[in-house]
There are 2 protein chains.
Amino acid sequence: MSTEPLTAERILEATEEVLRRYGPAKATVVDVARVLGVSHGSVYRHFRTKAALREAVTKRWLSPTEAALARVISDSGREPGAAKLRAWLLTLFDAKRLKAGDDPELFATFCALSQESSDVVDAHLTELTRQLTRIIEEGVREGEFAAPDPREAAGAVFAATARFHDPAYAPEWRKSTIDAEFDAVAALLLRGLRA
Amino acid sequence: MSTEPLTAERILEATEEVLRRYGPAKATVVDVARVLGVSHGSVYRHFRTKAALREAVTKRWLSPTEAALARVISDSGREPGAAKLRAWLLTLFDAKRLKAGDDPELFATFCALSQESSDVVDAHLTELTRQLTRIIEEGVREGEFAAPDPREAAGAVFAATARFHDPAYAPEWRKSTIDAEFDAVAALLLRGLRA
């Protein structure tokens, strides 16, 4: 038995560990409780259902990427417009491929979890599109971009760069040509946004 | 027993029928021979291995799309540049979503087959990129597009429109917003190519 207080954060860490060990199909709340040395009832006091626990761990897995991208936006040393948009797209690509390359099994686990936590994934995609919209709006204000509908343009940029953030393309991210492909797509899109 | 001569084309038709009926995991050459009322040796005289037969049927499935796209290029009534590029991208999207929507099971079957026939799929993707390169080169000659490296630009356009041709996105193609998404991405890319 652990003497540390049982926090939501400790439960989420243990859940990630259990998912890594048993995979998403076999991992149970009882496994999580065992890792923590507590009863499964104690886990359920923090997360009312297994689905809620899995959603929370998916959200926790996605949130560092959102935070890293938000820092690109708030970085006052970065020029608005094309430089910021390109940095944001590259930060997203780097975050995704780092996760995919670092621990491919855990990455596959979270891809599977994402399929069942569609609300969490929708919220993540909404946040990313909101950030992209802000960058484009800022570029329009600075006179660098022309976009009659910045939100629509953000959606188009996000869709057009799917190859560099959609987990379905993870196997492609190891190709030696992928950086050149990213550069070509980013250059074309930035040219398309230019005022 | 059929009295028609056993042609490669008849074998391919029967193979498609067998794949549709049993799925790619279970379909065998013996099943194909049975549908045709011939021995499996007769099938092997046309296709030396099961893999060769499956590759040929995959190629046959992809080739009408290549032909439809080639017609967009050779259509002398169509203006070169943006109009032709947009028509080509839309023809590709329409061909893919028609196949996906018409017969989703057969579509899934061919997606599975494509995974094992990577040479056939690579040849298909090479042909599509070759066609796109031609359209961009023509647009550059006409002074409508600016692209220092038309082949690289073709690769970027193809990658940026994956959402509208990669079978991995087939579930998205039924969304009511998908045509607006296509329009936004196509407009952004055409703007990016404009001289």
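Residues numbered from 1 in each chain as written. Chains lettered and ligands numbered in written order. Predicted model: local features only at pLDDT ≥ 70, side-chain atom pairs only at ≥ 80, totals over all residues. Heavy atoms only, no water.

**Looking at helix α6 (residues 104–116) of chain B**
Residues and elements named next belong to chain B. Here α6 is 13 residues long and its end C-alpha atoms lie 19 Å apart, about the 18 Å a rise of 1.5 Å per residue gives. Looking only at α6, the buried set comprises L106, F107, T109, F110, L113 and S114. In a view along the axis of α6, the buried residues occupy a sector of 155°, so they form one face of it. Exposed positions of α6 whose direction lies more than 90 degrees from the buried face are P104, E105 and Q115. For α6, the elements touching its buried residues are α1 (8–22), α4 (50–74), α5 (82–102) and α7 (118–141). (Helix = DSSP H or I, 4+ residues; strand = E, 2+ residues; numbered from the N terminus. Expected span 1.5 Å × (residues − 1). Buried < 20%, exposed > 50% of the residue type's maximum accessible area, 1.4 Å probe, protein only. Arc of directions from axis to C-beta. Contact = heavy atoms within 4.5 Å.)

**Side note on empty space enclosed by the protein**
Space left empty within the atom packing is revealed by a probe, the size of a water molecule, rolled over the atoms. Using the criterion set out here, one finds 2 cavities of 30 Å³ or more in the structure. Roughly 80 Å³ of volume is contained in the largest cavity. Lining the largest cavity, in full, are T15, V18, L19, A27, T28, V29, V32, K50, L53 and R54 of chain B. Counting residues per element, the ones that place at least two in the lining of the largest cavity are α1, α2 (29–36) and α4 of chain B. Of the residues in the lining of the largest cavity, the class split is 6 nonpolar, 2 polar and 2 charged. The calculated volume of the second largest cavity comes to roughly 60 Å³. In terms of lining residues, the second largest cavity is bounded by T15, V18, L19, A27, T28, V29, V32, K50, L53 and R54 of chain A. Of all the elements in the fold, those that place two or more residues in the lining of the second largest cavity are α1 (8–22), α2 (29–36) and α4 (50–74) of chain A. When grouped by side-chain class, the residues that make up the lining of the second largest cavity number 6 nonpolar, 2 polar and 2 charged. (1 Å grid on protein atoms, 1.4 Å probe; cavity = no way out; pocket = protein on both sides within 12 Å on 5 of 7 lines; lining within 4 Å. Points joined across faces, edges and corners; volume = space filled by probe spheres on them. Nonpolar A, V, L, I, M, F, W, Y, C, P; charged D, E, K, R; others polar.)

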